[in-house]
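The residues making up each chain are set out below.
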Amino acid sequence: MSDSQPQQPFHSPRSGRGEGGGHGPAHGPSHLRGAGAGQGPGSAHGPGNAAAAEATTLLLAGARLTDGRTVDVRLSGGRIQAVGTAGSLPAPALSRVDLGGYLLLPAPAEPHAHGDTALTADGEGPVSYTPDEVQRRATEAALLQLGHGATAVRSHVRIGDVHGLGPMEAVLQARRSLRGLTDLTTVAVPRLLTGVAGADGLAMLRDAVKMGASVIGGCPDLDPDPTGFLEAVLELADEHGCPVDLHTDGDDPARLARLAAMAGGLRPGVTIGPCGGLSRLPLDAATRAADQLAAAGVRVTCLPQGDCAALERRGLRTAPVRLLRAAGVRVSAGSGALRDAGNPVGRGDPLEAAYLLASQGGLRAGEAYESISSAAREAMGLPEVRVEAGFPAELLAVRGDRIAGVLSLAYSRIVIHRGRVVARTSAVREYCDSAVAVALDLPRQGRTEPGP
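Residues numbered from 1 in each chain as written. Predicted model: local features only at pLDDT ≥ 70, side-chain atom pairs only at ≥ 80, totals over all residues. Heavy atoms only, no water.

What follows deals with the overall build of the protein. What the protein contains, in helices and strands, is 13 helices and 16 strands. Evaluated residue by residue, the protein yields a buried proportion of 52% over its 452 residues. For the protein, restricting intrachain contacts to residue pairs at least 6 apart in sequence, the fraction spanning at least 24 positions comes to 72%. Accessible area for the protein stands at about 19300 Å²; split by element, carbon and sulfur atoms hold 51% of it. (Helix = DSSP H or I, 4+ residues; strand = E, 2+ residues; numbered from the N terminus. Buried < 20%, exposed > 50% of the residue type's maximum accessible area, 1.4 Å probe, protein only. Contact = heavy atoms within 4.5 Å. Areas by Shrake-Rupley, 256 points an atom, 1.4 Å probe, with all protein chains shown as cover.)

Structural data, given as structure tokens:
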């Protein structure tokens with residue numbers, strides 16, 4: 001099985017039956033069995049099944065928090081029901097997940113994905129945009145990102161040209177099939193909205209919103225009339241009460257000033273990105289633009305792993321995150337391209353985006369993680385998550401004891417969505433028998449019996 005083909009999560013032995021009614025044995029480490037794992041992409045059907053899954057109770061035992069405490073966390077009804085000292089929250093054995101050695105964090109969210117074009121870099125010939133192919137790619141990409149920890153994904157989907165609304169319809173179908181595993185939302189991305197050619201794009205954008213696209217997007221930089229493009233998007237967003245999420249390089253201070261002036265009153269808000277061009281502006285111009293964006297409440301989603309195919313590649317510099325944050329701009333970080341024309345080796349891993357912001361962007365590890373968790377959720381209009389009673393049970397457990405450590409070596413992960421384990425990655429590291437390994441007491445996981 002190739003790396004781009006995620007394995008289906010194991011079945012829960014509590015009832016012997018997955019959401020779709022299938023039977024199967026439990027797989028994987030014993031400490032995960034009975035955790036209420038998600039099924040394959042087509043198994044989460046219907047609101048009744050989703051509600052039943054959320055009604056289960058799950059105990060996360062012995063988890064470490066970022067403040068150094070070791071706690072038990074009880075989940076029920078898709079929310080965190082209680083947090084107590086280790087051993088203080090008893091639960092039946094089959095609803096217990098041992099998180100000893102893991103750091104428990106609010107789950108990341110992916111604010112900038114491209115599910116319709118994902119996983120196309122290695123294909124031969126023209127990329128297929130048949131509904132079945134787009135749905136397959138969008139589903140597979142969302143599952144890969146879920147495995148990394150993102151329990152919510154915002155996917156920008158191109159509409160118009162020869163493909164019309166087909167890609168949008170396919171991604172919306174992927175969204176329905178993934179219900180209960182991950183929350184997938186869509187951004188309608190037209191190419192042109194002004195002039196004679198833009199009339200069709202505007203009509204199609206309206207149809208995309210009626211179909212179910214929850215966010216209005218696009219790339220004003222590529223329209224002959226960027227200001228007219230902005231006016232059309234903001235007017236339609238205001239009419240339908242939709243948020244706006246636009247692609248822009250951000251290298252034109254006058255254009256950013258106009259955007260800030262026009263977007264200031266729009267609710268539920270405007271997000272722009274990746275804004276790498278802001279890093280190429282003179283410091284005073286970039287600072288002035290950041291102040292204007294902050295005053296208007298415009299959020300920025302940067303892409304530390306590289307640009308996406310929606311923009312012409314004008315340089316791979318990331319947005320000036322420290323400058324933007326200092327001005328008061330809410331900055332989130334996305335993955336962007338996932339093995340497509342924008343980045344043929346993209347991983348779609350939020351923790352890699354945070355790692356890059358910490359290692360190259362000048363952020364502290366906690367600030368970097370915030371950009372892929374709380375800031376990303378806020379940009380996507382999702383409720384806040386804390387590891388406290390009453391908050392949504394959207395969590396990520398990563399082997400390690402500090403955020404800096406898990407950003408550096410985030411191999412083993414357990415992903416929790418709506419109060420149940422939906423994905424896991426178990427990494428095994430082994431060293432050959434040697435005096436050096438013994439003397440250094442290197443950390444080791446693996447088989448205790450002799451291997452081949």
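Here the narrative resumes, following the displayed structure.
This part takes up the environment of Ala 109. Within the secondary structure layout, Ala 109 lies in the loop between β5 (102-106) and β6 (110-113). When the C-alpha atoms of Ala 109 and Met 380 are compared, they prove to be 8.4 Å apart, with 271 residues separating the residues in sequence. Non-local contacts of Ala 109, meaning those with residues more than four positions away in its chain, are made with Ala 150, Ala 152, Ile 372, Ala 376, Arg 377 and Met 380.

Per the stated rule, a full pass over the model turns up 18 salt bridges. For Glu 367, the salt bridge goes to Arg 364, with nearest N and O atoms at 3.2 Å. Here the salt bridges do not stand alone but share partners, grouping Arg 325, Arg 364, Glu 367 and Glu 370 into one network. (Salt bridge = Lys/Arg side-chain N within 4 Å of Asp/Glu carboxyl O.)

Moving on to the packing of helix α6 (residues 253-263) against helix α7 (residues 283-296). At a closest axis distance of 8 Å, the pairing of α6 and α7 adopts a crossing angle of 10 degrees. The angle between α6 and α7 places the two elements in the roughly parallel class. For the pair α6 and α7, the crossing hand works out as left-handed. Residues Pro 253, Leu 256, Ala 257, Leu 259, Ala 260 and Ala 263 of α6 form the contact with α7, whose participating residues are Ala 285, Ala 289, Gln 292, Leu 293 and Ala 296. For the contact of α6 with α7, the residue count by class is ten nonpolar, one polar and no charged. (Axes fitted to C-alpha atoms, helices over the stretch in contact; angles between N-to-C directions. Parallel < 35°, antiparallel > 145°, perpendicular 65-115°, else oblique. Left-handed = near helix turned anticlockwise from the far one by under 90°. Nonpolar A, V, L, I, M, F, W, Y, C, P; charged D, E, K, R; others polar.)

Here we take up helix α10 (residues 365-372). Among all positions in α10, only Ala 365, Ala 368, Tyr 369, Ser 371 and Ile 372 are buried. Down the axis of α10, the buried side of the element spans an arc of 150 degrees, and every buried residue falls inside it. (Arc of directions from axis to C-beta.)

As a further point, take the sheet that holds β6. On the basis of which strands lie adjacent, the open sheet formed by eight strands has the order β6-β7-β8-β9-β10-β11-β12-β13 and parallel pairing. The strands lining the two open edges of the sheet, one partner per strand, are β6 and β13 (331-333). Averaged over neighbouring strand pairs, the angle between their axes works out to 25 degrees when direction is ignored. (Pairing = 2+ DSSP bridges.)

On to the pairing of strand β10 (residues 244-248), then. Successive side chains on a regular strand alternate, one facing one side of the sheet and the next facing the other. Of all the five residues making up β10, five are buried; the element is thus mostly covered by neighbouring parts of the structure. Alternating positions in β10 separate into two faces, Val 244, Leu 246 and Thr 248 on one and Asp 245 and His 247 on the other, with burial throughout. Here three bridges tie strand β9 (residues 215-218) to β10, and the two strands are oriented parallel to one another. Within β10, the residue paired with Gly 218 across the bridge is Leu 246. For the crossover from β9 across helix α5 (residues 226-240) to β10, the handedness is right-handed. Of the strand pairs in this sheet, β10 and strand β11 (residues 270-274) are connected by five bridges, and their pairing is parallel. Within the sheet, the bridge partner assigned to Asp 245 lies in β11 and is Thr 271. This β-α-β element, β10 to α6 to β11, shows right-handed connectivity. (Right-handed = clockwise from strand over helix to strand, strands pointing away.)

Attention now goes to helix α2 (residues 131-148). With 18 residues, α2 ought to run about 26 Å at 1.5 Å a step, and its terminal C-alpha atoms sit 26 Å apart, in line with that. Of all the residues in α2, the buried ones are Val 134, Arg 137, Ala 138, Thr 139, Glu 140, Ala 141, Ala 142, Leu 143, Leu 144, Gln 145, Leu 146 and Gly 147. On its buried face, α2 is in contact with β6, β7 (152-158), α3 (166-177), β15 (413-417) and β16 (420-425). (Expected span 1.5 Å × (residues − 1).)

It is worth spelling out the confidence of the model for the protein at this point. Here the protein averages 86 in pLDDT, while 82% of its residues score no lower than 70. Counting interchain partners and residues more than four positions distant, the pLDDT-below-50 stretch residues 1-48 has 100 contacts. Note on residues 446-452: pLDDT under 50 across the span, and four contacts to partners over four residues away in sequence or across chains. (pLDDT = per-residue confidence, 0-100.)

Turning our eyes to something else, we now look at the packing of aromatic side chains. By the definition in use, this model includes zero aromatic pairs. Seen from the ring of Tyr 129, Arg 137 lies directly overhead, with NZ or CZ sitting 5.2 Å from the centre. (Phe/Tyr/Trp six-rings, centres within 6.5 Å; stacked < 30°, edge-to-face > 60°. Lys NZ or Arg CZ within 6 Å of the ring centre and 35° of its normal.)

Here the focus is the environment of Arg 420. For Arg 420, the position within the fold is in strand β16. The spacing of Arg 420 and Leu 75 is 345 residues in sequence and 8.1 Å in space, taken between C-alpha atoms.

This brings us to the environment of Thr 66. Counting through the fold element by element, Thr 66 comes out in the loop between β1 (57-64) and β2 (70-76). Here the alpha-carbon distance between Thr 66 and Leu 105, two residues 39 residues apart in the chain, equals 7.7 Å. Not counting residues within four places of it along the chain, the set of residues in contact with Thr 66 comprises Leu 103, Leu 105 and Ile 403.

Once that is clear, we can look at a negative patch on the surface. A contiguous patch of negative charge on the surface is contributed by Asp 225, Glu 231, Glu 235 and Asp 238. As for its position among the elements, Asp 225 is in the loop between β9 and α5. (Patch = residues over 30% accessible without salt bridge, like charges linked within 9 Å, V, L, I, M, F, W, Y side chains within 5 Å. Lys, Arg positive; Asp, Glu negative; His and termini not counted. Charge placed at Lys NZ, Arg CZ, Asp CG, Glu CD.)

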